[in-house]
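# Structural overview for review
Here is how the chains run, residue by residue.
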Number of protein chains: 2
Amino acid sequence: MDVILHDLCGADPARRFSPYCWRVRMALAHKGIGHVTRPWRFTEKAAIADAGTDKVPVLRHGDRTVHESWRILEYLEDTWPGAPSLFGGEGGRALSRFVNTWSDAVMMPAIVRLVVSDIPAHLAPEDAEYFTRTREARFGKPLAAMTADREGTVEAFRRDLHPLRMVLRERPWLSGPTAGAADYIAFGPLQWARCVSAFPLLTPDDPLHAWRGRLLDAFGGLARQAPAEDLA
Amino acid sequence: MDVILHDLCGADPARRFSPYCWRVRMALAHKGIGHVTRPWRFTEKAAIADAGTDKVPVLRHGDRTVHESWRILEYLEDTWPGAPSLFGGEGGRALSRFVNTWSDAVMMPAIVRLVVSDIPAHLAPEDAEYFTRTREARFGKPLAAMTADREGTVEAFRRDLHPLRMVLRERPWLSGPTAGAADYIAFGPLQWARCVSAFPLLTPDDPLHAWRGRLLDAFGGLARQAPAEDLA
């Protein structure tokens, strides 16, 4: 059965920048699941309406649709049990969920305040209007105001990553001896940022910078080859 | 072989309040490992010097000594492989380490600023002098100044727990279908606080409050029966 991933893109269909879609793309590569990605833009709601959502990632597997990145990761693990494990057992699955809530609650809001104003320039005109209007309504201020102090706020962001840094000082991957779902979950927001913004989130001497580099190199450079702005 | 845990206590030897020792006590109970605890005070360095450390927890197992709570948890898992697992597999072990770094980097410093000034009153005179002198040197201010604004800082602390809260809204335990090492690791700092301070860290409507209550009730109420100040 064919596997199709609806994957957020910019004006250039090759620019894929959704943090949630990147989690799924890395997981598909980890499991070696053949698939095609289908570029999708914010305003193309009709293309995924049958999945019962208006957001990507949406995975199609034969007649089935699955949406929301965490649910897709679980679906991949359960549907391809013979492929390399994403979680490393039930304890790993349970705590990968904690990495997911930590990444969503700590990394995502901080990165919004570091890169969101750089996003509209990469979008098709209709999407840029949609994105700017909906995000400015959500945040209650212009996008430029969101990131105005980013030279200062990036320091707090780097401090907030300290629990992850402490682990990655001890070993190369968060998930254990090899990379796994937890790595891809925490990597997604960093890949989102570098795909849309040249603003440097990590310093070169940070163990997180080297870890991100290993993930960029994984699977034949899947994530490194994607169009991006921060090439460090 | 006998198992002995050197366990931090106050002037009252029954008041056990180390967050790190509580992680180990819950893990010993989880695995059903018969043991005795030996009350230990801050200034009794000689009693554990043979273990190569000046801090508890120190575990003695026959001729072996193990110190540092994370290393003890791994030792228990590896030495009693037939007892109920603390980690739920290698993926769970790897990510329990992340819960440990998160708890140490996020929970511990915040709780210090909420309860540290309440600790000396529970200590024997020599220990109170030692604790106050060493902590005031570390923090660069009087203990009372550390907690002076705690009515305000507790709000930030509760927000910082949000990744944990998001998981515990979905299920009763962090570690999965049953409690495990990750639960005990995050519980330790909360138990430390309630054993020394009546200052309420959690509101009764918080899912974390109910989760803490389940851990207090576990193992026949092991943690609830300990002398404490916050009885909510």
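Residues numbered from 1 in each chain as written. Chains lettered and ligands numbered in written order. Predicted model: local features only at pLDDT ≥ 70, side-chain atom pairs only at ≥ 80, totals over all residues. Heavy atoms only, no water.

### Notes on the relation of the copies chain B and chain A
The line we're drawing: Here the copies are superposed with least squares, the fitted atoms being C-alpha atoms of residues at a pLDDT of at least 70 in both. Contacts: residue pairs with any heavy atoms within 4.5 Å of one another.
When chain B is fitted to chain A, the residual RMSD is 0.0 Å, and the transformation amounts to a turn of 180 degrees plus an axial shift of 0.0 Å. Here the copies are linked by what is in effect a two-fold axis. In terms of C-alpha distance to the rotation axis, chain B has B:G92 as its closest residue, with the C-alpha 1.9 Å off the axis. When you check the interface residues of chain B against chain A, 100% turn up at the interface there too, and the contact is symmetric in its surfaces.

### A few points about the UniProt feature "domain: GST N-terminal" (unreviewed entry) in chain A
Just so we agree on the cut-off: UniProt positions are given in the numbering used here, feature names are shortened, and annotations may be inferred rather than shown by experiment. Secondary structure is summarised from DSSP: a helix means a run of H or I of at least four residues, a strand means a run of E of at least two, and numbering begins at the N terminus for each.
The UniProt record annotates "domain: GST N-terminal" (unreviewed entry) at residues 8-84 of chain A. Counted over residues 8-84 of chain A, helix gives 31% and strand 18%. Its end C-alpha atoms are 26 Å apart.

### Some thoughts on helix α4 (residues 125-139) of chain A
What sets the pattern is the α-helix's 3.6 residues per turn: residues three or four places apart point alike. Residue and element names in this part refer to chain A. Selection rule: For a helix, the expected span equals 1.5 Å multiplied by the number of residues minus one.
Taking 1.5 Å of rise per residue, 15 residues should cover 21 Å, and α4 covers 21 Å from first to last C-alpha, within 8% of that figure. Next to the buried residues of α4 lie α5 (143-146). Within two residues after α4, G140 carries a phi angle of roughly 75 degrees, on the positive side.

### Considerations on the domain arrangement of chain A
All names here are of chain A. Spelled out, the test is: Domain extents, as shown, originate in an automatic or database domain assignment. Buried area counts how much accessible surface, traced with a 1.4 Å probe, disappears from two parts once they are put together, with both parts' losses summed. Think of a salt bridge as a Lys or Arg side-chain nitrogen and an Asp or Glu carboxyl oxygen that are within 4 Å of each other. Distance and chemistry together define a polar contact, namely a pair of N or O atoms within 3.5 Å, with one atom able to donate a hydrogen and the other to accept it when in protein, and with adjacent residues in sequence counting only for side-chain atoms on both sides. Polar here means any residue other than Ala, Val, Leu, Ile, Met, Phe, Trp, Tyr, Cys and Pro, which are nonpolar, and Asp, Glu, Lys and Arg, which are charged; Gly is therefore polar.
Domain boundaries in chain A define domain 1 (3-79) and domain 2 (90-221). Between domain 1 and domain 2, the contact holds 22 residues from the first and 30 residues from the second. Summed over the three residues of domain 1 that lose the most area to domain 2, namely R23, M26 and W70, the buried surface amounts to 29% of that side. Taken together, domain 1 and domain 2 are joined by 3 salt bridges. In this structure, the connection of domain 1 to domain 2 is made through 13 residue pairs in polar contact (both at pLDDT 80 or more). Within the residue set of the side of domain 1 that touches domain 2, elements represented by two or more residues are α1 (19-31) and α2 (69-79). Looking at the side of domain 1 that touches domain 2, the element that brings in the most residues is α1, giving 8 residues. Of the residues assigned to the side of domain 1 that touches domain 2, the class counts are 11 nonpolar, 3 polar and 8 charged.

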